[in-house]
Amino acid sequence: GKKAIIFDLDGVITDTAEYHYLAWKQLADDLGLPFDRNSNERLKGISRMESLELILEAGNKELGHDEKERLAHKKNEHYKELIQQITPDDLLPGIVSFLTELSEAGFKIGMASASKNAQEVVRRLEVTSFFHVIVDAASVKKGKPDPEIFLTAAQLLEVEPNACIGVEDAQAGVQAIKSANMFAIGVGEARHLSEADWLVTSTEELSLKALSEHI
Ligand code: BG6
Ligand code: MG
């Protein structure tokens, strides 16, 4: 049976995916580059610099290293401002009860987030104690869709990948879970997350009972 569950953060535990979008949107608008919610889907789950490079590429804009660093920093400053307002009220519906059920059922619980702001967001949400391990961008070499971040979390939890479940809202994230040989729960729309083993449209649908019907 499954012994561990590894959650993505942004867009799964809380709606910071929206804050990332808003921060990129402002930057793209300032630069006069095209950017909308649809193009934003490709940015979910991937690193800050890779996200910037995709935005520049879509707008046929080439910039030097220093200018890219400056823009990535600027986006992050805006993002950090947005996450100041996060409180436990910002946990997505059903998340606390799902985490509680999982921990009572003896699941090991991990987090695999590509964000360098992960610790700060988890702290503000006041859910740190649910997680046995939090793996973030700083501790891995390759980002999603590479499986490294999920495999690292599994290793730290001391659970074989095939006994792990991953939860993701990003296409790159679901790909990472599947490449890690784990069961993938997708949160979002089928057109972005077709590879998920179980797809929910909202975190409200997540419960131990519903999960047991899928694994
Ligand atoms: C991921 C988000 O969790 O973290 C991406 O889905 C984001 O949108 C990435 O770009 C990196 O985040 P940060 O906070 O390090 O810029
Ligand atoms: Mg996400």
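Quick note: structure is the one above.
Worth saying up front: this structure is predicted, and the values here are computed from it rather than measured.

**With respect to the overall build of the protein chain**
Along the backbone of the protein chain there are 9 helices and 6 strands. Dimensions along the principal axes, computed over C-alpha positions, put the protein chain at roughly 50 × 35 × 30 Å. For the protein chain, the proportion of contacts with a sequence separation of at least 24, taken over those separated by at least 6, is 61%.

**Section: the sheet that holds strand β6 (residues 198–200)**
Pairing is parallel in the open sheet, where 6 strands are placed in the order β3-β2-β1-β4-β5-β6. The sheet is open, and its two borders are formed by β3 (133–135) and β6, each paired with just one other strand. Sheet twist, expressed as the mean angle between neighbouring strand axes with direction ignored, is 20°.

**Focus on helix α5 (residues 95–104)**
Buried within α5 are the following residues: I95, F98, L99 and L102. The arc that holds the buried residues of α5, viewed along the axis, is 100°, so those residues lie on one side. For α5, the exposed residues set more than 90 degrees away from the buried face come down to T100 and E104. Residues of α5 that are buried make contact with β1 (4–7), β2 (108–112) and α9 (208–212). Count one or two residues on from α5 and you reach G106, which has phi positive near 90°.

**Digging into the packing of helix α3 (residues 48–58) against helix α4 (residues 65–83)**
Their axes nearest at 10 Å, the elements α3 and α4 cross at an angle of 110°. Taken together, the axis directions place α3 and α4 in an arrangement best described as roughly perpendicular. Crossing geometry of α3 relative to α4 is assigned as right-handed. Along the contact surface, α3 presents R48, M49 and L52, while α4 presents K68, L71, A72, K75 and N76.

Analysis parameters
- Residues numbered from 1 in each chain as written.
- Chains lettered and ligands numbered in written order.
- Predicted model: local features only at pLDDT ≥ 70, side-chain atom pairs only at ≥ 80, totals over all residues.
- Helix = DSSP H or I, 4+ residues; strand = E, 2+ residues; numbered from the N terminus.
- Contact = placed C-beta atoms within 7 Å.
- Pairing = 2+ DSSP bridges.
- Axes fitted to C-alpha atoms, helices over the stretch in contact; angles between N-to-C directions.
- Buried ≥ 20, exposed ≤ 12 C-beta atoms within 10 Å, placed from the backbone.
- Arc of directions from axis to C-beta.
- Parallel < 35°, antiparallel > 145°, perpendicular 65-115°, else oblique.
- Left-handed = near helix turned anticlockwise from the far one by under 90°.

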